[in-house]
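So you can see what is in the structure, the chains are spelled out below.
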Amino acid sequence: MPLNPDYLMSLDRDEVVQEWSWKDAAIYALGLGYGDDPLDKRQLRFLDRAQQMQAMPAMVNVLGYDGAWLRDEKTGVDYLRVVHGEQAMRMHGPLPVEGRIRAKTRIVELVDKGPGKGALIVTEREISDAETGEPIASVNHNVFCRGAGGFGGSARQSVTMERPPERAPDGTVSLSTPRQLALIYRLSGDLNPLHSDPTVARKAGFERPILHGLSTFGIACRGMMDALCDADGSRVKGLAGRFSAPVYPGETLSIDYWTESPGKAAFEMRVPEREATVLASGRFDYMMEA
């Protein structure tokens, strides 16, 4: 069934108001594997209120999320055939360790891959401080809807992600993932049983529960922060990438990165033991100094 472009582009979703505490920020960080080295004080800054705590900036990807419209039959979206395609975040200021935000989601683009093929829905979420109105972050979330093409839209996305340079990377960061990581990450709000129930995972074609895509995305942010920002979240300006394969909790992730200009880097994340690229066409923007 093709998408209903008129209905989708006219959707006017209500603002989402969300409040979080430092404990929520710590749980989010635990869901990215922080704390695996109890002697690393750079990790403790995202976990311990007594350590001049920071909120991990990638947490903006789970704040104010409004995905209820994907289950609206009038959109033409078959929710069971939706796949997370791309994710991008742009920080406008530091994320507080605790606070209250307002978030507004709108659909900004529809891409038609043809009859019987897929369609891409591009959304943008603006997140601001609920009290002051100061912008905190912009989050783009692209979903690929299998079989939903043929509605007569453009076949090309207006903004595309570039592949990294064709040369050896300037560095590599490796991060291990605990086997229980998906069970921790789901405490930040995504309770999809695909990430917890072995039976559901097998029905979906996976040998066991897979890691949440946004946990993979957050781990990429963690790795690039470690490599280029001395693990300082206040220096992160933006992160983007395309999901290309699932991650199984317990796997080791390697991030190859290329510094392209001051404050800008490309990266790709892979699972070496499976020779699989799991996050492609990555881009990381950061401040050179705090």
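Here is what the cut-offs are and how they apply
- Residues numbered from 1 in each chain as written.
- Predicted model: local features only at pLDDT ≥ 70, side-chain atom pairs only at ≥ 80, totals over all residues.
- Heavy atoms only, no water.
- Helix = DSSP H or I, 4+ residues; strand = E, 2+ residues; numbered from the N terminus.
- Contact = heavy atoms within 4.5 Å.
- Polar contact = N/O pair within 3.5 Å; in protein donor to acceptor, adjacent residues only side chain to side chain.
- Salt bridge = Lys/Arg side-chain N within 4 Å of Asp/Glu carboxyl O.
- Buried < 20%, exposed > 50% of the residue type's maximum accessible area, 1.4 Å probe, protein only.
- Pairing = 2+ DSSP bridges.
- Axes fitted to C-alpha atoms, helices over the stretch in contact; angles between N-to-C directions.
- Phe/Tyr/Trp six-rings, centres within 6.5 Å; stacked < 30°, edge-to-face > 60°.

Student: I would appreciate a short explanation of the environment of Glu251 in the present structure.
Tutor: Tracing the sequence through the fold places Glu251 in the loop between β7 (236–243) and β8 (252–261). When the C-alpha atoms of Glu251 and Leu211 are compared, they prove to be 10.0 Å apart, with 40 residues separating the residues in sequence. Look past the residues within four positions of Glu251 in its chain and what remains in contact with it is Leu175, Ser176, Thr177, Val271, Glu273 and Arg274. Within the structure, Glu251 has its side chain in polar contact with the side chain of Arg274 (distance 2.6 Å).

Student: How should I be thinking about the side chain of Thr75 in this particular structure?
Tutor: The topology assignment puts Thr75 in the loop between α3 (41–44) and β2 (82–91). Once residues lying within four places of it in the same chain are set aside, the contact partners of Thr75 are Leu3, Asn4, Tyr7, Leu8, Leu11 and Trp69.

Student: Teacher, can you tell me more about the pattern of salt bridges here?
Tutor: Proximity of charged atoms lets side chains of opposite charge pair with each other. Going through the model one piece at a time under the given rule, you end up with 16 salt bridges. Here Asp36 and Arg222 are joined by a salt bridge, their closest N and O atoms 3.5 Å apart. Note that Asp36 is positioned in the loop between α2 (22–30) and α3 and Arg222 in helix α6 (residues 213–228), a separation of 186 residues in sequence. Classification of Asp36 as partly exposed rests on a relative accessible area of 40%. Owing to a relative accessible area of 3%, Arg222 belongs among the buried residues under this scheme. Put simply, Asp285 and Arg90 hold a salt bridge, and the shortest N to O gap is 2.7 Å. Taken together, the residues Asp285 in strand β10 (residues 276–286) and Arg90 in strand β2 connect sequence positions 195 residues apart.

Student: Hey, could you run me through the sheet that holds strand β4 (residues 119–129) in this one?
Tutor: Sheet strands pair by backbone hydrogen bonding; their relative direction is either parallel or antiparallel. Sheet architecture is open: ten strands sit in the order β1-β3-β4-β5-β2-β7-β10-β9-β8-β6, paired in antiparallel fashion. In the strand order of this sheet, the two ends are held by β1 (16–20) and β6 (171–176), each with one partner. Shown here is a sheet whose adjacent strand axes are inclined to one another by a mean of 25°, direction ignored. Sheet topology places β4 next to strand β5 (residues 135–145); ten bridges connect them, and they run antiparallel. Bridging across to β5, Thr123 finds its partner in His141.

Student: Honestly, the packing of aromatic side chains in this entry has me stumped. Any pointers?
Tutor: One pair of aromatic rings is described through two measures. These are the centre distance and the angle between the planes. Under the definition given, this model contains four aromatic pairs. Here Phe284 and Tyr286 contribute two aromatic rings whose centre-to-centre distance is 5.4 Å and whose plane-to-plane angle is 15°, an arrangement assigned as stacked. Accessibility expressed as a relative area gives 0% for Phe284, which makes it buried. Look at Tyr286 and you get buried, because its relative accessible area is 7%.

Student: Explain the environment of Leu183 here, please?
Tutor: Position of Leu183 relative to the elements: it lies in helix α4 (residues 181–185). Put simply, Leu183 and Ala55 are 128 residues apart on the chain and 20 Å apart in space, counted from C-alpha to C-alpha. Residue contacts for Leu183: discarding those within four places in its chain leaves His195 and Ser196.

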